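# Chain and residue survey
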Amino acid sequence: KPEKATADAATAARVKRAKDSHNPSSKDKRDVSERMEIDVAKKLGAIKSGDNKPMDVIIGGKFGVEVKVLHDAKEGRVNMRPDSRKRKEAWAKETGGSVHVLLIDNRDKFGGGAHASKYSGNKYYVAEGAKAHRLVSMTPVKSLAEAKAIITGGRR
């Protein structure tokens, strides 16, 4: 059956890509990310949510922000698990709010700059939607104030 062989090959290729791009978490990465989330919330005038809440940061009760940090990623992209995506979408529907991803490219600093060669040249990026995003499709911003203006559409 040629269709089954093609489907099996496609699945095998997808599994290989996932394994090749997997970048395990570590306590150091989680600690740095947590500190960055707290800093982002403070600078955005937002509330930092607790663990296992749908959003990392919420601005004005209506603008949910998922904060993602690239520490040592080989590729410029962020992933979002399907269950996490569903929780964020449910939050947006329930609150009438919106969901954005704020990406912080920290590869120039993490591990003493060991991954600086992968740094994009810009620290902050924003994209709308609870989904995986590639850095090249996100909007680069110069500051968290600019990110907030995009996320909130200029509203507070």
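Figured I'd write up the structure that's included with this text.

Definitions and limits used
- Residues numbered from 1 in each chain as written.
- Predicted model: local features only at pLDDT ≥ 70, side-chain atom pairs only at ≥ 80, totals over all residues.
- Heavy atoms only, no water.
- Helix = DSSP H or I, 4+ residues; strand = E, 2+ residues; numbered from the N terminus.
- Buried < 20%, exposed > 50% of the residue type's maximum accessible area, 1.4 Å probe, protein only.
- Contact = heavy atoms within 4.5 Å.
- Polar contact = N/O pair within 3.5 Å; in protein donor to acceptor, adjacent residues only side chain to side chain.
- Arc of directions from axis to C-beta.
- Pairing = 2+ DSSP bridges.

The subject of this paragraph is the overall build of the protein. Helix and strand counts for the protein come out as five helices and eight strands. Written out in order from the N terminus, the α and β elements of the protein read α-α-β-β-β-β-α-β-α-β-β-β-α. C-alpha atoms of the protein, sized along the principal axes, occupy 60 × 40 × 25 Å. The buried share of the protein, reckoned over its 156 residues, is 38%. If you take every contact in the protein between residues at least 6 apart in sequence, the share linking residues at least 24 apart comes to 57%.

Right, let's talk about the side chain of D105 for a bit. Within the secondary structure, D105 sits in strand β5 (residues 98-105). Reaching out from D105, the side chain makes a polar contact with the side chain of R107 at a distance of 2.9 Å. Side-chain polar atoms of D105 contact the side chain of S120, separated by 2.8 Å. When near neighbours in sequence (up to four residues on either side) are disregarded, D105 contacts L70, K118, Y119, S120, N122, K123, Y125 and L135.

Let's shift gears to helix α5 (residues 144-152). A turn of α-helix holds 3.6 residues, and therefore any two residues three or four places apart point the same way. Of the positions making up α5, those classed as buried are L144, A147, K148, I151 and T152. Buried residues along α5 cover an arc of 115 degrees about the axis, so they all sit on one side. Elements in contact with the buried residues of α5: α2 (27-44), β2 (57-59), β3 (63-70), β5, β6 (124-128) and β8 (139-141).

Reading across the sheet, the six strands line up as β1-β2-β3-β5-β6-β8 and stay open at both edges, with mixed pairing between neighbours. Pairing within the sheet leaves two strands with one partner each, and these edge strands are β1 (47-48) and β8. Pairing geometry for β5 and β6, over five bridges, is antiparallel. Its bridge partner lying in β6, V101 is registered against A127.

Before going further, it helps to examine the side chain of S49. Relative to the helices and strands, S49 is located in the loop between β1 and β2. According to the relative accessible area criterion, S49 is buried, its value standing at 11%. Of the polar contacts made by the side chain of S49, one reaches the backbone oxygen of M55; its length is 2.9 Å. Beyond its immediate stretch of four places on either side in the chain, S49 contacts M55, D56, V57 and I58.

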